[in-house]
Amino acid sequence: LNNNTQIDMLKLFQKIIFGLMVASSFSIFANIEIAQSQQIDSLKKLITISEPNTDKVDLLNTLAVHQIVSSKYDSAKVTIEKSILLSKQLMYRIGEANAYSQLAKISARNGDRLRAMNLINNSIKIHQEVNNILGEANSLCQKALNLSHLQKKEESIQCLNNALSIYKSLDNQNGIAN
């Protein structure tokens, strides 16, 4: 084979590999979307049959996470509002704090970082009041991310250091790795 033929074959091979990679990527994303939809549907069914208790609040918050991941922000917002309302009725402060944290994610993704900061601060305050230090650490990480987007690097680093201290005190390897 001459040099031009080898180059042409190599280019064709690259195009085939690229096409396969793109096709497999679409397949992976389609499967993830299907799985996410199935999880959302299952959670909705569980919520429908659940009694109004703390487990239902946790299910609502979990549903909101899946809705956010699926970019269903309006649905997630409605779900979170239900969670906050039920949390307040049950005086389930951790559920309320977690709902504020999820609502902050939506605000941040919609570009309203200042509102997100207020919601995260509410979450942190509640976690501190009920001595839920893991929840506090998780919210501190979320706050650090928002501070970073607001160009407040020193405050962001301080939040991350505070969260890291909490994770270390809990020997939480997942939190430390994040």
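Shown above is the structure to which this text applies.
Remember, it's a predicted structure, so these values are computed and weren't measured experimentally.

Q: Break down the overall build of the chain for me, citing the residues and quoting the values.
A: Scanning the chain from terminus to terminus reveals eight helices and zero strands. When burial is assessed residue by residue, the chain has 35% of its 178 residues classed as buried. Sequence-distant contacts, at least 24 apart, represent 49% of the contacts inside the chain between residues at least 6 apart. Total accessible area on the chain stands at roughly 11300 Å², and carbon and sulfur atoms take up 56% of it.

Q: Give me the lowdown on the layout of surface pockets, citing residues and values where you can.
A: In this structure, the largest pocket spans a volume of roughly 270 Å³. In terms of lining residues, the largest pocket is bounded by 16 residues, among which Asn-98, Ser-101, Gln-102, Lys-105 and Asn-138 are the most central. For the lining of the largest pocket, the elements supplying multiple residues, two or more each, are helix 2 (54–69), helix 4 (93–109) and helix 6 (133–149). Ranked by the residues each element gives to the lining of the largest pocket, the list is headed by helix 6, at six residues. Broken down by class, the residue content of the lining of the largest pocket amounts to four nonpolar, 10 polar and two charged. In this structure, the second largest pocket spans a volume of roughly 180 Å³. Considering the residues around the second largest pocket, the lining is formed by Lys-44, Ile-47, Thr-48, Pro-52, Lys-56, Leu-60, Leu-63, Gln-67, Ser-75, Thr-79, Lys-82 and Leu-86. Sorting the residues of the lining of the second largest pocket by element identifies helix 1 (3–49), helix 2 and helix 3 (73–90) as the ones contributing at least two each.

Q: Describe the nonpolar core, with residues and values.
A: Side chains of a nonpolar character, in soluble globular proteins, are inclined to be buried together. Counting 26 residues, the largest nonpolar core has Ile-80, Ile-84 and Leu-140 as its most contacted members. The set of elements that each furnish at least two residues to this core consists of helix 2, helix 3, helix 4, helix 5 (113–129), helix 6 and helix 7 (153–169). Sorting elements by how many residues they give to this core places helix 4 first, with seven residues. Other than its neighbours up to four places away in sequence, Leu-140 contacts Ile-124, Cys-159, Asn-162, Ala-163 and Ile-166. One finds Val-57, Leu-59, Leu-63 and Tyr-92 within the second-largest nonpolar core, a separate group that totals nine residues.

Q: Account for the pattern of salt bridges, with residues named and values stated.
A: Considering all chains together, one arrives at three salt bridges under this definition. Between Glu-129 and Lys-125 there is a salt bridge, with its nearest N and O atoms 3.7 Å apart. Here Glu-129 and its partner Lys-125 are both found in helix 5, four residues apart, which amounts to about one turn of the helix. Look at the salt bridges and you will find they share partners, linking Arg-93, Glu-96, Lys-125 and Glu-129 into a network.

Q: Lay out helix 4 with the relevant residues and their values.
A: Since there are 3.6 residues in each turn of an α-helix, residues three or four apart along the chain are aligned in direction. Between its first and last C-alpha, helix 4 extends 25 Å over 17 residues, near the 24 Å set by a 1.5 Å rise per residue. Counting buried positions along helix 4 yields 12 of 17 residues, so the element is predominantly enclosed. Considering only its buried residues, helix 4 is in contact with helix 2, helix 3, helix 5 and helix 6. One or two residues past the end of helix 4 sits Gly-111, with phi positive at roughly 90°.

Q: I'd love a proper account of the packing of helix 3 against helix 4, names of residues and values included.
A: Taken N-terminus to C-terminus, the directions of helix 3 and helix 4 make an angle of 155°; their axes are 9 Å apart at the nearest point. Of the possible angle classes, the one that applies to helix 3 and helix 4 is roughly antiparallel. Here the hand of the crossing between helix 3 and helix 4 comes out left-handed. Of helix 4, the residues touching helix 3 (which contributes Tyr-73, Ala-76, Lys-77, Ile-80, Ser-83, Ile-84, Ser-87 and Lys-88) are Gly-95, Glu-96, Ala-99, Tyr-100, Gln-102, Leu-103, Ile-106 and Arg-109. Residues that form the contact of helix 3 with helix 4 fall into these classes: eight nonpolar, four polar and four charged.

Conventions used here
- Along each chain, the written sequence defines residue order, and numbers are assigned to residues from 1.
- Two thresholds apply to this predicted model, a pLDDT of at least 70 for residue-level local features and 80 or more for giving and counting side-chain atom pairs, whereas whole-chain, interface and lining totals are computed over all residues.
- The side-chain quantities take in all heavy atoms of the structure and omit both hydrogens and water.
- Secondary structure elements are defined from DSSP: runs of H or I of at least 4 residues count as helices, runs of E of at least 2 residues count as strands, and each element is numbered from the N terminus.
- The rule is simple: take the accessible area with a 1.4 Å probe, protein chains only, and divide by the maximum for that residue type; under 20% is buried, over 50% is exposed, in between is partly exposed.
- It only takes one pair of heavy atoms within 4.5 Å for two residues to be counted as in contact.
- Each accessible area is a Shrake-Rupley result for a 1.4 Å probe, and residues are judged covered by the shown protein chains and nothing else.
- Grid spacing is 1 Å over the protein atoms alone, the probe is 1.4 Å, and a cavity is where that probe fits but cannot get out, while a pocket is an open set with protein on both sides within 12 Å along at least five of seven lines and lining residues have an atom within 4 Å of a point.
- Grid points are joined across faces, edges and corners, and a volume is the space filled by probe spheres set on the points.
- When residues are sorted by character, Ala, Val, Leu, Ile, Met, Phe, Trp, Tyr, Cys and Pro go into the nonpolar class, Asp, Glu, Lys and Arg into the charged class, and all the rest, Gly among them, into the polar class.
- Buried residues of nine kinds, namely Ala, Val, Leu, Ile, Met, Phe, Trp, Tyr and Cys, make up a nonpolar core once their side-chain atoms join them within 4.5 Å.
- For this document, the term salt bridge refers to a Lys or Arg side-chain nitrogen within 4 Å of an Asp or Glu carboxyl oxygen.
- Expected span of a helix: the number of residues minus one, times 1.5 Å.
- Only the stretch in contact is used when a helix axis is fitted, and all axes are lines through C-alpha atoms; the angle between N-to-C directions ranges over 0 to 180 degrees.
- In this scheme, roughly parallel covers angles under 35 degrees and roughly antiparallel covers those over 145, while 65 to 115 is roughly perpendicular and the rest are oblique.
- Definitions for this section: a left-handed crossing has its near helix turned counterclockwise from the far helix by less than a right angle. A right-handed crossing has that turn clockwise.

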